[in-house]
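Secondary and tertiary structure notes
Single-letter residue listing:
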Amino acid sequence: MFQRFRHITALAAAIAAVQLLTAATGKEFFLTQLTMAGYYTLVIIGLCLLMGYAGQISLGHAGFFAIGGYTSAVLTTVDLSAWKAAPAISLLAKSGILTGRADLYGGQILTVHPWAAFLCALCITIVVAFLIGVPVLKLKGHYLAMATLGFGTIIYSVVLATSRFGAADGISSVPAFPLLPGLAVTGGSSQRVANYYFAWLLVTVGMLLLINLIHSRVGRALRSIHGAEDAAGAMGVDAARYKLNTFILSAVYAAVAGVFLTHYNGGIGPSEASIMKSVRYVAIVAVGGMGSLWGTLIMSAVLNFLSLRGYFGTFDDAVFGSILIAVMLFSPEGVLKLDIRSLVGRWIRTDRKAGA
Amino acid sequence: MTLLEARSISKRFGGLQAVKDVSFSVAQGSIKAVIGPNGAGKTTLFNLLSGFIAPDSGEVLLRGMPVQDLPSHAIATRGLSRTFQHIRLFGGMSALENVMVGRHVRSRAGFMAGMLNLAWTRAEERDIRDRALDSMEFLGIGQLAHANASSLSYGQQRAVELARSLTSEPEILLLDEPAAGLNMRETADLAVLITKIRDRGITVLIVEHDMSLVMNISDEVVVLSYGEKIADNKPLAVQKDPQVVRVYLGEDEC
Ligand SMILES: Nc1ncnc2c1ncn2[C@@H]1O[C@H](COP(=O)(O)OP(=O)(O)OP(=O)(O)O)[C@@H](O)[C@H]1O
Ligand SMILES: [Mg+2]
């Protein structure tokens, strides 16, 4: 209980220390990548709950990030002023759900307010996660990995093939996301420090909620499913429901990150939905010690920052691929809990037996 | 009053009729035993009663309600708890946490309550912990609370499993060979424990090979052989039943 708050306080202190350090050393431009790393970290701690505690893998989480980001991007950029006369549109405009603003060329456009778009994005994410989760979470181990990979592939192909989503170019000129008067999620350098703090505030709150969760009745139920699913059932734990809820929760984390990072960057492209992104998220959870929210958070902050600063150069994706292989090979401690590993292990053993 | 009832339940695995047309009932507040040679279908019967597998035909009634089509977690919620012949503890969790999971059916904090850690959630969590510790004390394993469940000895693991079930305060407790792997003294202690559990108002259905244990504590005994029920009576009557004697002493006797 108290330890929980000590850790959260330490996180808050570290966040502030990093910002002060960048200010003191004149490296404030680092804050841009640190902010982005914060949003990716939000995705990754949600995935950590799913993988480390519920024992389910998802190779499609970039898909949920993209659903959040693209929903918000489309709704806040599509111009509805041509339909202004339609009663439904004018009602929405009056209620504040639609909002007028100047576009790049000085014209006046009518789009969905970012907050309304955000709520839409969450609803769509929950519905999609539910529809995907119900059939897919019946699968185990590498079957689940492949099914979620399939989901990720579908989302990627859809955004790449749809002109409404900007196809290969993605969507740009996404407006700022107003939070408070004078504070908005936007890439402008005047708001750089505030945005850094906002992103990491989300991470801190997200982290606190997850830590509370894993120390609760639900967290215990999740670990019991992970430990012995049939025995958990005998104790009254509805494993299917718990897995589904966890899947939806982690999808929501990804979507929230997707929405805000899209507004921060002023746009989103198909690479955010790519399989490599999903693999990267899984790799970071694995290297963070599978089932360790704090380990995952630290690895995520560091690796994402290095990657975004371009330290890995053209090997960027290869670095994360290698990390994944290395963890699978050399760090059974962290990875043992993962079902795929034990399945692969069993598979190898039966192969040997068959060969003998 | 009948608490649990099986009505002509059958289960076939491929060519093997593991349970065939078995009917019996368990009276509330009693201890009933299921005995039979290896492979007689005792564990399969337990799996059918607890919702782990669905019967091919027949009904299972818990307090008169048909439950044969319900999944195991739903049956657990209705007050049936079980232990396993092959111990099934949650690895990577402490003994206490294992036992706390037993309280799942009698607590309610969900995802939202858990994430927000509300005052009532914390109170509920304390209550779960206290009751789990009580169960462990009751079984004399209070000192193991913080040990890692998978590091415990066989007998200790059995006790943790039993504590886990007890913490749910079930109406009926199904024990699958609880004395397996215990020495004579531990078995005698277990007999005392089971009667104590019954005295708490929990009905007990037990599968056991240890005849002295079964005959001492049971009110009634069901005998299975090759999936079929061949006797269902008081312990003394069962011991004298010629068919039961034949099954236990071997066919070549007659
Ligand atoms: N899931 C299953 N699939 C196929 N056959 C099974 C399955 N479960 C049990 N059996 C078979 O059904 C028969 C009855 O098994 P069961 O485990 O119920 O016997 P038991 O009376 O509990 O025996 P024991 O005293 O050894 O525990 C056995 O022949 C067993 O091999
Ligand atoms: Mg058995």
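Notes on the structure in this doc start here.

1. Structural notes on the overall build of chain A
- Along the backbone of chain A there are 15 helices and four strands.
- Computed over the C-alpha atoms, the radius of gyration of chain A is 21 Å, within 12% of the 21 Å expected from 2.2 N^0.38 for a compact globule of 356 residues.
- In terms of overall dimensions, chain A has C-alpha extents of about 75 × 50 × 45 Å along its principal axes.
- Considering only intrachain contacts with a sequence separation of at least 6, the fraction spanning at least 24 residues in chain A is 77%.
- For chain A, the accessible surface area stands at approximately 15,200 Å², while carbon and sulfur atoms represent 69% of it.

2. Here's the deal with unusual backbone geometry
- Of note, the phi angle at D21(B) is positive, near 55 degrees, even though the residue is not glycine.
- Summarising the element assignment, D21(B) is placed in strand β2 (residues 16–27).

3. What about the layout of surface pockets?
- Put simply, the second largest pocket is a space of about 530 Å³.
- Along the wall of the second largest pocket there are 20 residues; nearest its centre are L209(A), L249(A), V252(A), Y253(A) and V256(A).
- Residue assignment for the lining of the second largest pocket shows that the elements contributing at least two residues are α5 (114–136), α7 (192–214) and α10 (239–265) of chain A together with α4 (111–116) of chain B.
- Counting residues per element, the lining of the second largest pocket draws most heavily on α10(A), which supplies seven residues.
- A class-by-class count of the residues in the lining of the second largest pocket yields 18 nonpolar, two polar and no charged.

4. Observations regarding the interface of chain A and chain B
- With 28 residues of chain A at the contact, the number on the chain B side is 35 residues.
- Both sides of the chain A and chain B interface together cover about 2,700 Å² of buried area, and 64% of this is carbon and sulfur.
- When the area that chain A buries against chain B is broken down by residue, the three leading residues are R217(A), R220(A) and M235(A), summing to 32%.
- For the interface between chain A and chain B, the tally reads three salt bridges.
- D230(A) is paired through a salt bridge with R88(B); the nearest N and O atoms lie 2.7 Å apart.
- At the junction of chain A with chain B, the criterion picks out 10 residue pairs in polar contact (both at pLDDT 80 or more).
- Of the residues belonging to the side of chain A that touches chain B, the class tally is 13 nonpolar, nine polar and six charged.

5. Description of the pairing of strand β4 (residues 57–62) of chain B
Residues and elements named next belong to chain B.
- Relative to β4, strand β1 (residues 2–13) is paired through five bridges, and the arrangement is antiparallel. Paired with R7 across the bridge in β4 is E59.
- Bridge analysis of β4 against strand β5 (residues 65–66) gives two bridges, and the strand direction is antiparallel. From the neighbouring strand, L62 faces β5, where its bridge partner is M65.

6. A short note on helix α7 (residues 184–199) of chain B
Residue and element names in this part refer to chain B.
- End to end, α7 covers 23 Å across 16 residues, agreeing with the expected 22 Å (1.5 Å per residue, within 8%).
- Turning to α7, its buried residues are T187, L190, A191, L193, I194 and I197.
- Backbone nitrogen of R185 and a side-chain oxygen of the N-cap are separated by 3.1 Å at the start of α7; the cap is N183.

7. So, the coordination of the magnesium ion (ligand 2)
- At this site the magnesium ion (ligand 2) is bound by T43(B) (OG1) and Q85(B) (OE1), with donor distances of 1.9 to 2.1 Å. Highlighted residues: T43(B) in helix α1 (residues 42–49) and Q85(B) in the loop between β6 (80–82) and α3 (95–101), separated in sequence by 42 residues.

8. A closer look at empty space enclosed by the protein
- Within the structure shown, the criterion is met by one cavity of 30 Å³ or more.
- A volume near 40 Å³ is recorded for the largest cavity.
- R217(A), R220(A), A221(A), M100(B), V101(B), R103(B), H104(B), S107(B) and I128(B) together form the lining of the largest cavity.
- Elements that contribute at least two residues to the lining of the largest cavity include exactly α8 (217–227) of chain A together with α3 of chain B.
- For the lining of the largest cavity, the leading source of residues is α8(A), giving three residues.
- Partitioning the lining of the largest cavity into residue classes produces four nonpolar, two polar and three charged.

9. Topic: the pattern of salt bridges
- According to the stated counting rule, one finds 21 salt bridges over all chains in the structure shown.
- Its salt-bridge partner being R280(A), residue D316(A) comes within 2.7 Å of it at the nearest N-O pair. Here D316(A) is found in helix α13 (residues 316–330), whereas its partner R280(A) is found in helix α11 (residues 275–287), with 36 residues between them in sequence.
- Residue classification places D316(A) among the buried residues on the basis of a relative accessible area of 16%.
- Between E171(B) and R63(B) there is a salt bridge, with the nearest N and O atoms lying 2.7 Å from each other. Of this pair, E171(B) sits in the loop between α6 (154–167) and β7 (172–176) while R63(B) sits in the loop between β4 and β5, placing them 108 residues apart in sequence.
- Among the charged side chains, a salt-bridge network with shared partners connects K32(B), E220(B), K229(B) and D232(B).

The rules behind the values
- Residues numbered from 1 in each chain as written.
- Chains lettered and ligands numbered in written order.
- Predicted model: local features only at pLDDT ≥ 70, side-chain atom pairs only at ≥ 80, totals over all residues.
- Heavy atoms only, no water.
- Helix = DSSP H or I, 4+ residues; strand = E, 2+ residues; numbered from the N terminus.
- Rg over C-alpha atoms; globule rule 2.2 N^0.38 Å.
- Contact = heavy atoms within 4.5 Å.
- Areas by Shrake-Rupley, 256 points an atom, 1.4 Å probe, with all protein chains shown as cover.
- 1 Å grid on protein atoms, 1.4 Å probe; cavity = no way out; pocket = protein on both sides within 12 Å on 5 of 7 lines; lining within 4 Å.
- Points joined across faces, edges and corners; volume = space filled by probe spheres on them.
- Nonpolar A, V, L, I, M, F, W, Y, C, P; charged D, E, K, R; others polar.
- Buried area = accessible area lost by both parts, 1.4 Å probe.
- Salt bridge = Lys/Arg side-chain N within 4 Å of Asp/Glu carboxyl O.
- Polar contact = N/O pair within 3.5 Å; in protein donor to acceptor, adjacent residues only side chain to side chain.
- Pairing = 2+ DSSP bridges.
- Expected span 1.5 Å × (residues − 1).
- Buried < 20%, exposed > 50% of the residue type's maximum accessible area, 1.4 Å probe, protein only.
- Donors = N, O, S within 2.8 Å, 3.2 Å for Na, K, Ca; no water.

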